[in-house]
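As a plain string of letters, each chain reads:
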Amino acid sequence: MTAEDVAEVILIPMQAAYPAPTHLRNDPEARNETLAIYLRALERFDRRTLERAWQKVAAEHTYWVWPVPGLIAEACLL
């Protein structure tokens, strides 16, 4: 349950699979702050939980932009 786990399991695959929301695409500072929000929301979960949650979210997500951090955190709690 480290920042590295969140980055490896969620943030890197999320950015590879989905484009950032439109308002973040041309604003690197806002994009980085938003990624920090994901990190803070998810760093409390262990790696195995993050892996399971990401698979669930990726399988069910219906929009071609990043899922909101709360959706991923909710999947971690299931």
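So, how was this worked out
- Residues numbered from 1 in each chain as written.
- Predicted model: local features only at pLDDT ≥ 70, side-chain atom pairs only at ≥ 80, totals over all residues.
- Heavy atoms only, no water.
- Salt bridge = Lys/Arg side-chain N within 4 Å of Asp/Glu carboxyl O.
- Helix = DSSP H or I, 4+ residues; strand = E, 2+ residues; numbered from the N terminus.
- Expected span 1.5 Å × (residues − 1).
- Bend = angle between axes of the 7 residues up to and from the residue.
- Buried < 20%, exposed > 50% of the residue type's maximum accessible area, 1.4 Å probe, protein only.
- Arc of directions from axis to C-beta.
- Contact = heavy atoms within 4.5 Å.
- Polar contact = N/O pair within 3.5 Å; in protein donor to acceptor, adjacent residues only side chain to side chain.
- Axes fitted to C-alpha atoms, helices over the stretch in contact; angles between N-to-C directions.
- Parallel < 35°, antiparallel > 145°, perpendicular 65-115°, else oblique.
- Left-handed = near helix turned anticlockwise from the far one by under 90°.
- Nonpolar A, V, L, I, M, F, W, Y, C, P; charged D, E, K, R; others polar.

Evaluated as defined, the whole model comprises five salt bridges. Between glutamate 8 and arginine 47 there is a salt bridge, and its shortest N-O distance comes to 2.9 Å. Residue glutamate 8 is located in helix α1 (residues 3-17), and its partner arginine 47 is located in helix α4 (residues 47-60); the two are separated by 39 residues in the primary sequence. Beyond isolated ion pairs, a larger network of salt bridges with shared partners links Asp5, Glu8, Arg47 and Glu51.

Under the 1.5 Å per step criterion, the end-to-end length of α1 is 20 Å for 15 residues, consistent within 8% with the ideal 21 Å. Its axis deflected by about 30° at leucine 11, α1 carries its strongest bend there, up to four residues before the proline proline 13.

This next bit is on α4. The end-to-end C-alpha distance of α4 is 20 Å, a good match for the 20 Å that 14 residues give at a rise of 1.5 Å each. Considered for burial, the residues of α4 that qualify are Thr49, Leu50, Ala53, Trp54 and Val57. With its buried residues spanning 130° around the axis, α4 presents them on a single face. Opposite the packed face of α4, turned more than 90 degrees from it, sit the exposed residues Arg48, Gln55 and Ala59. Looking at the buried side of α4, the elements it contacts are α1, α3 (28-42) and α5 (69-77). Where α4 starts, the residue carrying a side-chain oxygen 3.1 Å from the main-chain nitrogen of arginine 48 turns out to be aspartate 46.

Moving on: the packing of α3 against α5. Where α3 contacts α5, the axes come no closer than 9 Å and their chain directions differ by 20°. One way to sum up the angle between α3 and α5 is to call them roughly parallel. The handedness of the crossing between α3 and α5 comes out as right-handed. When α3 is examined against α5, the residues Ile37, Tyr38, Ala41 and Leu42 are found in contact with a partner set consisting of Pro69, Ile72 and Ala73. Taken together, the residues that form the contact of α3 with α5 break down as seven nonpolar, no polar and no charged.

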